[in-house]
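Chain residues, written in single-letter form:
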Amino acid sequence: MSDKPFQLNVNGMLHDVDAPDRKTLGEALREDCGLTGTHLGCEHGVCGTCTVLVDGKPVRGCLMFARQAEGAEILTVEGLAKDGVLHPLQQAFIDNHALQCGFCTPGFLMLIVGALRQDPDMSAEELEEVISSNLCRCTGYAAIVRSALDVFRPSERPASD
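Residues numbered from 1 in each chain as written. Predicted model: local features only at pLDDT ≥ 70, side-chain atom pairs only at ≥ 80, totals over all residues. Heavy atoms only, no water.

One non-glycine residue with positive phi stands out, namely Asn 11, at about 55 degrees. Within the fold, Asn 11 resides in the loop between strand S1 (6-10) and strand S2 (13-17). Phi is positive for Asp 83, which is not a glycine, with a value near 50 degrees. Mapped onto the elements of the fold, Asp 83 is located in the loop between strand S5 (73-75) and helix H2 (88-95). Taking relative accessible area as the criterion, Asp 83 reaches 82% and is therefore assigned exposed. (Helix = DSSP H or I, 4+ residues; strand = E, 2+ residues; numbered from the N terminus. Buried < 20%, exposed > 50% of the residue type's maximum accessible area, 1.4 Å probe, protein only.)

Take a look at the structure:
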């Protein structure tokens, strides 16, 4: 690898990136692509706020170098809505009050969408386990789990708190 310019395919659009090899994907998305929905929290891969999909799989944007994503299809939270209509999971987060400060929200959205695309038959218990890998300091996890189940497993949705 070298410090030569490269392109990232993000949300179906090519973005020119002229960044050092050590720049993370999360940094490049924010600084070079202008997509600030991907948040950088701990920058150690622990909190999950920087989660994006790379070739359909959830990855921590702070743990991947941008250049490693060259040639891959990257989906960020900005790419979830289509033609001004929120993704059903985004709407479910609103309907279930699954966000307060919103800092962790993009990471949760991308994690849930990616996990369920990889394993659409995931049980509610498995989904809860996946969701527990991201951190939220404001809402707790019940409303986040309810939102995911509303969209992907409505029959398994727990009763309101």
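Structure shown, so let's carry the discussion forward.
Quick look at the sheet that holds strand S4 (residues 57-60) now. Pairing between the strands of a sheet comes from backbone hydrogen bonds, and it takes one of two forms, parallel or antiparallel. One open sheet accounts for five strands, arranged S2-S1-S5-S3-S4; its pairing is mixed. Here the strands that pair on one side only, and so sit at the sheet edges, are S2 and S4. Strand-to-strand twist in this sheet, taken as the mean axis angle between neighbours without regard to direction, amounts to 40 degrees. Across four bridges, strand S3 (residues 51-54) lies against S4 in antiparallel orientation. Residue pairing for S4: Leu 53 is matched across the bridge by Pro 58. Packed onto the sheet, helix H3 (residues 105-118) meets S3, S4 and S5 and runs at close to 35 degrees relative to S3. (Pairing = 2+ DSSP bridges. Axes fitted to C-alpha atoms, helices over the stretch in contact; angles between N-to-C directions. Contact = heavy atoms within 4.5 Å.)

To continue, consider H2. Of all the residues in H2, the buried ones are Leu 89, Gln 90, Ala 92 and Phe 93. Buried residues in H2, looked at end-on, bunch into an arc of 160 degrees, giving them a common side. Tucked inside the fold, the buried residues of H2 contact H3 and helix H5 (142-152). One or two residues past the end of H2 sits His 97, with phi positive at roughly 55 degrees. (Arc of directions from axis to C-beta.)

Right, let's talk about the pairing of S2 for a bit. It is a general feature of regular strands that their side chains alternate between the two faces of the sheet. Looking at chain direction, S1 and S2 are connected through five bridges and run antiparallel. Each bridged residue has a counterpart across the sheet, and for Asn 9 the counterpart in S2 is Leu 14.

This next bit is on the nonpolar core. Membership of the largest hydrophobic core comes to 25 residues, with the highest contact counts inside it found for Phe 93, Ile 112, Leu 127, Ile 131 and Ile 144. Listing elements by their share of this core, those giving two or more residues are H2, H3, helix H4 (124-131) and H5. Top element by residues in this core is H3. It accounts for seven residues. Every residue in contact with Ile 112, bar those within four places of it in the chain, is listed here: Leu 89, Phe 93, Leu 127, Ile 131, Ile 144, Ala 148 and Phe 152. Counting 17 residues, the second largest nonpolar core, distinct from the first, contains Leu 29, Cys 33, Val 52 and Ala 66. (Core = buried A, V, L, I, M, F, W, Y, C linked by side-chain atoms within 4.5 Å.)

What follows concerns the pattern of salt bridges. One pass over the full model with this rule turns up three salt bridges. Close ionic contact of Arg 67 with Asp 21 constitutes a salt bridge, the shortest N to O distance being 2.6 Å. Linking Arg 67 in the loop between S4 and S5 with Asp 21 in the loop between S2 and helix H1 (25-31), this pair joins segments that are 46 residues apart in sequence. Comparing Arg 67 with Asp 21 shows no difference in burial state: the two are buried. Put simply, Asp 32 and Lys 23 hold a salt bridge, and the shortest N to O gap is 2.9 Å. Here Asp 32 falls in the partly exposed class, since its relative accessible area comes to 26%. Here the salt bridges share partners, and the residues they tie into one network are Lys 23, Glu 31 and Asp 32. (Salt bridge = Lys/Arg side-chain N within 4 Å of Asp/Glu carboxyl O.)

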